[in-house]
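Geometric and topological summary
Listed below are the residues making up each chain.
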Amino acid sequence: MAIKKIKNNVFNVGVDHWDREVFDSLIPLPDGTSYNSYIVKGSEKTALIDTVDEIKEHLLRKDLQALGIEKIDYIIANHAEQDHSGCIPAVLKMFPRSKIVTNAKCKGMLIDLLHVSETDFIVIGDGEELDLGGKTLKFILTPWVHWPETMSTYLKEDKILFSCDFFGSHLATSDTFVSDEGKTLLDAKRYYAEIMMPFRKIVAKDVAKIEQYDIEMIAPSHGPVYDNPQMIIDAYKEWTSDDVKNIVLLLYISMHSSTERIAEYMIDSLVDNGIEVKPFNVLKADIGQIAMAMVDACTVVLASPMVLAGAHPGMVSVAHLANALRPKVKNAAIVGSYGWGGNMVEQLKSVIPNLKVNLFEPVLIKGLPREEDYKRLDTLIGEIKKKHEEICNK
Ligand code: FEO
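Every chain is numbered independently, its residues counted from 1 as its sequence is written. The predicted nature of this model means local features are confined to residues of pLDDT at least 70 and side-chain atom pairs, given and counted, to a pLDDT of 80 or more, with totals for whole chains, interfaces and linings taken over all residues. Excluding hydrogens and water, the side-chain figures rest on all heavy atoms present in the structure.

Taken domain by domain, the protein chain holds domain 1 (4-240) and domain 2 (248-392). Throughout, a residue-residue contact means that at least one pair of heavy atoms, one from each residue, lies within 4.5 Å. With 14 residues of domain 1 at the interface, the matching set in domain 2 holds 14 residues. In terms of surface lost to domain 2, no three residues of domain 1 exceed Lys189, Arg190 and Met197, which account for 41% of the buried area on that side. The salt bridge criterion pairs a side-chain nitrogen of Lys or Arg with a carboxyl oxygen of Asp or Glu, the two atoms within 4 Å. Where domain 1 meets domain 2, there are two salt bridges. A salt bridge links aspartate 296 to lysine 189; the shortest N-O distance between them is 3.0 Å. What qualifies as a polar contact is a pair of N or O atoms within 3.5 Å, subject to a donor-acceptor requirement within protein and to the restriction that residues adjacent in sequence count only when both atoms come from side chains. For the interface between domain 1 and domain 2, the tally reads four residue pairs in polar contact (both at pLDDT 80 or more). Working definition: helices are DSSP H or I runs of at least four residues, strands are E runs of at least two. Numbering for both runs from the N terminus. Looking at the side of domain 1 that touches domain 2, the elements that each hand over two or more residues are α5 (181-196) and α7 (229-240). By residue number, the principal contributor to the side of domain 1 that touches domain 2 is α5, which donates six residues. An automatic or database domain assignment provides the domain bounds reported here. Buried area, as used here, totals the accessible surface that two parts lose on assembly, with accessibility defined by a 1.4 Å probe and the loss added over both.

Structure below.
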């Protein structure tokens, strides 16, 4: 990435990874990603806030040289995960007098993950400050966005919050600041859904904590800098609230069209009843899209055929993902079809213990749905509608 000036003596020397397709060997990246790394130059000291993924070390090195950085006194580690910490050993080699500044928990993780030396650290606590000379860094512990050691760094004079993954988006862009709020919000929602959502209650506390500061910009370590930070703060407040929307997330798989008929009937009927439906054929869908739909759906429907006396393995897998992501969904239904038998209801229930949901009466249909089966689906849809009218924030 070209060097991006954020403010006077504050630069993003990070890297856009335009063609990265997947993260953590799990998360699809339709827009690539970036690893932002920020230089803050005071009159006395220079700090580097987070580094970049090790595979892009050559580009970080190039930017530091192009900016004429002759010394780095402090490497601020907001997070131990290697997409931000991976080049810490290389920066320590380039600038042997520099120290890693981080909290005690992050220090331990960096030693484990990177084998850096115990003596390379300055350990700070919540609220401590570091004076660079006219630029003061204040460290704010913001745990579980999305690991236990995560923290944010606030540059007091310029009112910039360096938040690392918190408020980030997997988005490679040549823009320095957010240019398309709608696009960035979607990418940030996807990112929140994939890694922050399981810790929703703690994330809400972190949002409240950083809101005590006068923030003019949020500079995350993925995606563009927010020069209108209230936009992403308000979005996080909505996503982490207990409010759900009048939305049904319908996850389906079909083998011989029977479950597909159930899904089609439910989609049309739910829409006719004034309910928004987000249907996904699980075997074709991007799991990031499914995770995003989980952020504010009121009800999730698992629609599966039975295979070898149980749910389709693809449905077990997506149910496992939902259980891990712990969305605030309030209701769930299990529907599907079978040819000769099985018990997928108990199986799927056992996969989603983290979902604190009202489970509607399952509807299992032998073969292609008949008239009486559609009536059972009508009953289920009526129950869903009733629950949505009671609890959904339209
Ligand atoms: Fe962007 Fe949790 O690393």
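Next comes the rest of the write-up.
Bringing the side chain of aspartate 16 into the picture now. Relative to the elements of secondary structure, aspartate 16 occurs in strand β3 (residues 15-17). Side-chain polar atoms of aspartate 16 contact the backbone nitrogen of threonine 173, separated by 3.2 Å.

Angular values range over 0 to 180 degrees, each being the angle between N-to-C directions of two axes fitted as lines to C-alpha atoms, with helices fitted over their stretch in contact. Contact geometry of α5 with α7 gives a least axis separation of 11 Å together with a crossing angle of 40°. In terms of axis orientation, α5 runs oblique to α7. The handedness of the crossing between α5 and α7 is right-handed. Mapping the contact onto sequence places Glu181, Leu185, Ala188, Lys189, Tyr192 and Met196 in α5 and Met231, Ile232, Ala235, Tyr236, Trp239 and Thr240 in α7. In this count, Pro and Cys sit with the nonpolar residues alongside Ala, Val, Leu, Ile, Met, Phe, Trp and Tyr, while Asp, Glu, Lys and Arg are called charged and the others, Gly among them, polar. Across the contact of α5 with α7, the residue classes tally to nine nonpolar, one polar and two charged. Reported orientations rely on four angle classes, namely roughly parallel under 35 degrees, roughly antiparallel over 145, roughly perpendicular from 65 to 115, and oblique for the rest. Note on convention: near helix rotated counterclockwise from far helix by under a right angle means a left-handed crossing. Clockwise means right-handed.

On to helix α1 (residues 57-66), then. Residues Leu60, Asp63 and Leu64 constitute the buried set of α1. Take α1 and look down its axis: the buried residues cluster within an arc of 100°, on one side only. Summarising the geometry of α1, the exposed residues directed more than 90 degrees from the buried face are Lys62, Gln65 and Ala66. Each residue is assigned to one of three classes by its accessible area relative to the maximum for its type, calculated with a 1.4 Å probe on protein chains only: buried under 20%, partly exposed between the two thresholds, exposed over 50%. The arc in question is formed by the directions pointing from the helix axis toward the C-beta atoms.

For the rest of this paragraph, the subject is helix α9 (residues 287-294). The buried count for α9 comes to six of eight residues, which makes it a mostly enclosed element. Looking at the packing, one finds that the buried side of α9 touches β5 (27-28), α5, β17 (245-252), β18 (276-281), β19 (297-307) and α10 (313-325).

Let's shift gears to a negative patch on the surface. Exposure above 30% relative accessible area and the absence of a salt bridge qualify a residue for a patch, where like charges join within 9 Å and nonpolar side chains (Val, Leu, Ile, Met, Phe, Trp, Tyr) within 5 Å. Note that accessible areas follow from Shrake-Rupley with a 1.4 Å probe, and for residues the cover is restricted to the protein chains shown. When charges are counted, Lys and Arg are positive and Asp and Glu negative, with His and the chain ends excluded. Where a charge lies is defined by one atom per residue type: Lys uses NZ, Arg uses CZ, Asp uses CG and Glu uses CD. Taken together, the side chains of Asp175, Asp180, Glu181 and Asp227 define an acidic patch exposed on the protein surface. Tracing the chain through its elements places aspartate 180 in the loop between β15 (160-164) and α5. Residue aspartate 180 is classed as partly exposed on the basis of its relative accessible area of 41%.

This part takes up the pairing of strand β23 (residues 363-366). The two faces of β23 differ: Val363 and Ile365 on one face are buried, but Leu364 and Lys366 on the other face are not. Taken together, the four bridges between strand β21 (residues 331-338) and β23 define a ladder with parallel strand orientation. The partner of tyrosine 338 across the bridge, within β23, is lysine 366. Pairing between strands requires that DSSP locate at least two bridges from one strand to the other.

On to the packing of aromatic side chains, then. What counts as a ring pair is set by centres within 6.5 Å for rings of Phe, Tyr and Trp (its six-membered ring), and what kind of pair is set by the plane angle: stacked under 30 degrees, edge-to-face over 60, tilted for all other angles. Evaluated as defined, the whole model comprises 10 aromatic pairs. Ring centres 4.8 Å apart and planes at 35° place the aromatic pair tryptophan 144 and phenylalanine 199 in the tilted group. Residue tryptophan 144 is found in the loop between β13 (136-141) and β14 (151-155), and its partner phenylalanine 199 is found in the loop between α5 and α6 (200-210); the two are separated by 55 residues along the sequence. Aromatic pair tyrosine 154 and tyrosine 213: ring centres 5.1 Å apart, planes at 55°, arrangement tilted. On the criterion of sequence distance, the pair formed by tyrosine 154 in strand β14 and tyrosine 213 in the loop between α6 and β16 (217-220) is long-range, its members being 59 residues apart. Residue tyrosine 213 is classed as partly exposed on the basis of its relative accessible area, which comes to 22%.

Another aspect to go through is the nonpolar core. The nonpolar side chains of soluble globular proteins are, as a tendency, buried together. Grouping buried Ala, Val, Leu, Ile, Met, Phe, Trp, Tyr and Cys residues that are joined through side-chain atoms within 4.5 Å yields what is termed a nonpolar core. Counting residues in hydrophobic clusters, the biggest one holds 60 residues, and the most contacted among them are Phe167, Ile232, Tyr236 and Leu251. Here this core gathers at least three residues from each of two domains, domain 1 (4-240) and domain 2 (248-392). Of all hydrophobic cores here, the second largest spans 26 residues; its members include Val13, Leu60, Ile72 and Phe95.

A few words now on the sheet that holds β14. Pairing is mixed in the open sheet, where five strands are placed in the order β12-β13-β14-β15-β16. Edge positions in the sheet fall to β12 (129-131) and β16, since each of these pairs with one other strand and no more. Across the sheet, the mean angle from the axis of one strand to that of its neighbour is 20°, orientation sign disregarded. Pairing of β14 with β15, which is carried by three bridges, proceeds in the antiparallel orientation.

If you trace the seven strands from one edge of the open sheet to the other, you get β1-β2-β7-β8-β9-β10-β11, paired in mixed fashion. Sheet topology places β1 (4-7) and β11 (121-123) at the edges, where each strand pairs with a single neighbour. Looking at each pair of strands side by side, their axes are set apart by 25° on average, direction ignored. Note that strand β10 (residues 99-102) and β11 share three bridges and pair parallel. Looking across to β11, one finds that threonine 102 is bridged to valine 123.

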